[in-house]
Structures are given as structure tokens and as C-alpha cells.
There are 2 protein chains.
Amino acid sequence: MENISHTEENYLKAIFKIAEREEKAASTNAISAEMSTSAASVTDMLKRLSEKGLIHYEKYKGVTLTANGDKIARHLIRKHRLWEVFLVDKLDFSWDEVHDMAEQLEHIQAPELVERLDAFLGFPKFDPHGDPIPDAKGNFTFRKQSPLLEMSIGDQGVVVGVQDHSTAFLQYLDRLRLVLGAKVQLVEHFEYDESVKILLNGEQEQILSKKVAQNLFIQKS
Amino acid sequence: MENISHTEENYLKAIFKIAEREEKAASTNAISAEMSTSAASVTDMLKRLSEKGLIHYEKYKGVTLTANGDKIARHLIRKHRLWEVFLVDKLDFSWDEVHDMAEQLEHIQAPELVERLDAFLGFPKFDPHGDPIPDAKGNFTFRKQSPLLEMSIGDQGVVVGVQDHSTAFLQYLDRLRLVLGAKVQLVEHFEYDESVKILLNGEQEQILSKKVAQNLFIQKS
DNA sequence: AAATATTTTTAGATTAATCTAAAAAAATAA
DNA sequence: TTATTTTTTTAGATTAATCTAAAAATATTT
């Protein structure tokens, strides 16, 4: 087990993310876009990660994570999301403020710290954006959820997550009171611009743009 | 305000520590010993830190921190000690386990996080080893304390800190129940080996070696 | 004050992580 | 199936942080 740098960790996370999103091997270009580095830098790094046994790499063929690489990536995501819960639940940050801090905290290497933090937080299964937190073995809790936009008239449910994690979107959701746990019922689809009308918390009718409805995950009830 | 790397931060901390301990400009060799790097590496780094306006450096003359360098060093110490309090008070680590984790956590860059952590912990003035935590402006709380060895027969007081921060010493103190807050009265000095006899918490008489008595700070009452 | 010892700096390399520009391979279009 | 475009890799540099070995400066001892 060699040492692994922060930078290498970030590449593993990027590869994991791409694989999850695109459901195939990550290309050099995809990684370079995800990391905001040049394709040449990515190629260099892929060679290094491959030598360390963290990825499967064949020239021109894209890469996948080895079992070990995958484990490290999941552990990073675990740490990132646990720290986000800490920042929001204990230090009262809001969900749009915590990403950059968690991005740093996820690189802290101290396995016992992670386990104790998990316990201190009450073994949360989801982070402040509704994303699942892998357990110590790397397993995610799955949840049936669908974008608000894909619900049918009359369907009811609860806001459980977001697709877009941008500050702008999260702050906008706060304004609309569309926070995690909010109850929504789909009232109407407007074909013209694909906007939707919802009933929020059984009280208030509201119209949401297609963009908002697309990026909001609902668990139907 | 340029970027400052973890490594540069560690050098600033080392220089601060040496200046505090030796009360004079830090020499290249002292820094090289403190950091476990070669003297040549130190010289290289001193040039860089000097260019960034963090230290006053003249060849062959040793270095001191500039106002800015000093501020950064104190902030690092603040972060280190606050994180130690977090680890002990909230995550139930013991005082001999937290150093390495705090060594990583002190490099997290997020000023608001530090202030919120401070508040969450109840604005502690001392860390789990009894070392003072600088406030947001970098000021330490001073406390009148003396090594147990320098107390006079009959003097009473409370354990408030340690000089030696090694795991071995801290674990030994746990065994002897000489934790922070313990009440001690000096009963006798043995000239032969400079060991001392104390009365611990008004109950138990105990003999302590010179080495222990030297490294334990007491606040007299 | 000269000789010796110690400390500090310089010179020259190395490694990780990055870049741009050019070459090579693979994919797509004509 | 060529020709063109896109993607990926290689070549060659750069910067931060480190090293060893040698040179230079400073401090200490005789």
C-alpha cells in the first residue's frame, strides 16, 4: 500500500463520478473536463494511477477503477458527505455553503476519525443535499426517487434530493421553501414551457420552471 | 496575498515554535531539526518565504516572522488546538491520540469554519493538553504555572498542562491519574534523585520521578 | 591570529504535477 | 474506403519541494 496524494485521490473521485454518470469507462477528455486540467496531464496521471494498481488503463481505451481504486473513491465520498452533515447539523452552515470545505476535509486521513464522526452524527444515511452516504464498507443506501418533472398529476411526495448542486440552485430552493422534507403534490403540467404547478406542504400553490422541476428529486408517497 | 502551501505553513509553525522556545531568531539548523529536512531544503524554503513576505531573512543570520507570517502561524496554532478540543470533547478521543489528526486538520482553509467550531466548542481557552488557544486575533490567554519540580514543600495546586507532549508521557499520566484538573500538594523533595512525593486529590501519596515532575505544569492555589 | 570545527549556502539532481505544441491513433464523414 | 475531425499520447518545459555533495561563511579553540 503506497501513499496516495490528494491529487491522485481527486482523480479517483472524478473517475468514479464519470463512471457513475455515464455508466462506462472514463475517457481522458471526460476526466480532463471534470478536473479542469489538460488532457496531457490526465494521461500522465493515468499512467501513475495504473502503476499503483488503482485503475485499469489501456492506451486510447479509457479507464475503470480497480477494486482498490473503487474502495478509495467510495471512502472519499463517505468522508465528504459525513463532513457535510457535520457542517450543517452541528455548525449550522446552510446546504449551499459546505461543498468547498468538505472538499478539503475529505482528504483527512484518519479512519478512526471517520467512524467516530459517523457515530457522533447518528449514522446519517444521506447528506444535506439528499445524496446517500456510503457505509464503512462502501455501500450506498438506495431510494426510489424521481425528478419532480416526471411525476403525474395528483402524485404526492417529499423533496429528498437535488440533481444540480450549484449554490445558485440551492439558494433559490431555500427562497421557494423547497427544502429537504417539504411535501409536494403535482397539480398541473403546462405544456407550453413544461413548467409545473405544485401544492407545497398542502397549503400553497406554486409554479416551477422546467429547470427547477428537472433538478428536484421527489420520493413518492 | 498569494497562496500558501501546507509545507510553507509547516515551516512558519516551526519558526514560531523555535522563536517561542529559544526566544531568538530561528537558525537554519534549528528549523531543519524541527522539520526533519536537510539544511539545504530549509535554505531554499527560507528564500521562498522571504519573497512572499512571511519572514525576515538575511543570509547566515537566521530568520524571524513578519507580522503576516506571525499571524498565519498563530492562526494555525488556533486551528490545531480547536480541532484537538473537538476530537477529545466531541469524538471522545484521548489526549494522546489527537496530535496527528489535528496536524492535518489545521491546514483546512475556511475562516468561517474555525469561528463556528470555536463557538460550537464553547470558546475554549485551553486545549486538551492545557496549551492556550489563541483567540481570533491571535492572542493567547496567559496563566501563571510552574513545573511541579519547582514547587516548594506544602504548595498546593492543580494540574493544568504538560511540557512533554509525547504519547508515552500522556499515557503514563493517565495511568497515574495525573490528568488535567487533578489536585496535587507537594509533600517532599528527595535530593538523591530529585524525585518528589505528592498528595494526589487529597487522598493518595505518590512518588514521581524528576522527569515526570519536570514535565507537569501546576497552577498553584 | 591562525587553525579547526560548525553552520549555512550553492550547485546540481530528482520527483510529482502541471503545461503547450506536435505527433499518433481512433472515430466520423464524405 | 479515403479524407477529415476528434481524441489521446508523446515530447519537452516548468515549478515546488526535496535531496547529497561541495563550497563558503561564521564561530570556536588553541
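Remember, predicted model here, so these are calculated numbers, not experimental data.

A. Local environment of the packing of helix 1 (residues 6-22) of chain B against helix 4 (residues 67-90) of chain B. All names here are of chain B. Where helix 1 meets helix 4, the axes come as close as 9 Å, and the angle between the chain directions of the two elements is 95°. One way to sum up the angle between helix 1 and helix 4 is to call them roughly perpendicular. From helix 1, Glu9, Leu12, Lys13 and Phe16 reach across to helix 4, where they touch Gly69, Asp70, Ile72, Ala73, Arg74, Leu76 and Ile77. Of the residues assigned to the contact of helix 1 with helix 4, the class counts are six nonpolar, one polar and four charged.

B. Highlighting helix 6 (residues 111-120) of chain A. Where helix 6 of chain A is concerned, the buried positions are A:Leu113, A:Val114, A:Leu117 and A:Asp118. Projected down its long axis, helix 6 of chain A shows its buried positions confined to an angular sector of 135°, all on one face. Elements that come into contact with the buried residues of helix 6 of chain A comprise helix 4 (67-90) of chain A together with helix 4 and helix 5 (99-105) of chain B. Backbone geometry just downstream of helix 6 of chain A places A:Gly122 in the positive-phi region, at approximately 85°.

C. How the structure looks around the relation of the copies chain A and chain B. Superposing chain A onto chain B takes a rotation of 180° plus a shift of 0.0 Å along the axis, which leaves an RMSD of 0.1 Å. Seen this way, the second copy is the image of the first under a two-fold rotation axis. Among all residues of chain A, the minimum C-alpha distance to the rotation axis is found for A:Leu105, at 3.8 Å. A high fraction, 100%, of the interface residues of chain A reappear at the interface in chain B, so the copies pair face to face through one surface.

D. Main features of the sheet that holds strand 8 (residues 216-220) of chain B. Residues and elements named next belong to chain B. Strand order in the open sheet formed by six strands is 3-8-4-5-6-7, with antiparallel pairing between adjacent strands. The sheet is open, and its two edges are formed by strand 3 (146-147) and strand 7 (204-208), each paired on a single side. The pairing of strand 4 (residues 156-162) with strand 8 spans five bridges and is antiparallel. Within the sheet, the bridge partner assigned to glycine 161 lies in strand 8 and is phenylalanine 217.

E. Quick peek at the protein's contact with DNA strand D. Taken together, 22 residues form the shell around DNA strand D, and within it A:Tyr57, A:Lys59, B:Ser5, B:Ser41 and B:Arg48 come nearest. Between A:Thr43 and DNA strand D, the recorded distance is 3.0 Å, taken from a side-chain N or O atom to a phosphate oxygen. Elements supplying a minimum of two residues to the surface near DNA strand D: helix 2 (28-35) and helix 3 (39-51) of chain A together with helix 1 and helix 3 (39-51) of chain B. Considered class by class, the residues forming the surface near DNA strand D number eight nonpolar, nine polar and five charged.

F. Structural detail: the pairing of strand 4 (residues 156-162) of chain A. All names here are of chain A. Strand 4 sits mainly inside the fold: five of its seven residues count as buried. As paired elements, strand 4 and strand 5 (residues 183-189) share three bridges and run antiparallel to each other. Paired with glycine 157 across the strands is valine 184, a residue of strand 5.

G. Representation of the interface of chain A and chain B within the structure. The interface is formed by 20 residues belonging to chain A together with 20 residues belonging to chain B. Here chain A meets chain B over a buried area of about 1700 Å², counting both sides, of which 75% is carbon and sulfur. Looking at the side of chain A facing chain B, the largest losses of area belong to A:Leu91, A:Gln104 and A:Arg116, adding up to 31% of the total buried there. Linking chain A with chain B are zero salt bridges, by the criterion used here. In this structure, the connection of chain A to chain B is made through six residue pairs in polar contact (both at pLDDT 80 or more). Elements that contribute at least two residues to the side of chain A that touches chain B include exactly helix 4, helix 5 (99-105) and helix 6 of chain A. For the side of chain A that touches chain B, the element with the highest residue contribution is helix 6 of chain A, accounting for five residues. Across the side of chain A that touches chain B, the residue classes break down as 12 nonpolar, four polar and four charged.

The rules behind the values
Residues numbered from 1 in each chain as written. Chains lettered and ligands numbered in written order. Predicted model: local features only at pLDDT ≥ 70, side-chain atom pairs only at ≥ 80, totals over all residues. Heavy atoms only, no water. Axes fitted to C-alpha atoms, helices over the stretch in contact; angles between N-to-C directions. Helix = DSSP H or I, 4+ residues; strand = E, 2+ residues; numbered from the N terminus. Parallel < 35°, antiparallel > 145°, perpendicular 65-115°, else oblique. Contact = heavy atoms within 4.5 Å. Nonpolar A, V, L, I, M, F, W, Y, C, P; charged D, E, K, R; others polar. Buried < 20%, exposed > 50% of the residue type's maximum accessible area, 1.4 Å probe, protein only. Arc of directions from axis to C-beta. Least-squares fit on C-alpha atoms with pLDDT ≥ 70 in both. Pairing = 2+ DSSP bridges. Near = heavy atom within 4 Å. Polar contact = N/O pair within 3.5 Å; in protein donor to acceptor, adjacent residues only side chain to side chain. Buried area = accessible area lost by both parts, 1.4 Å probe. Salt bridge = Lys/Arg side-chain N within 4 Å of Asp/Glu carboxyl O.

Honestly, it's all geometry; don't read function into it.
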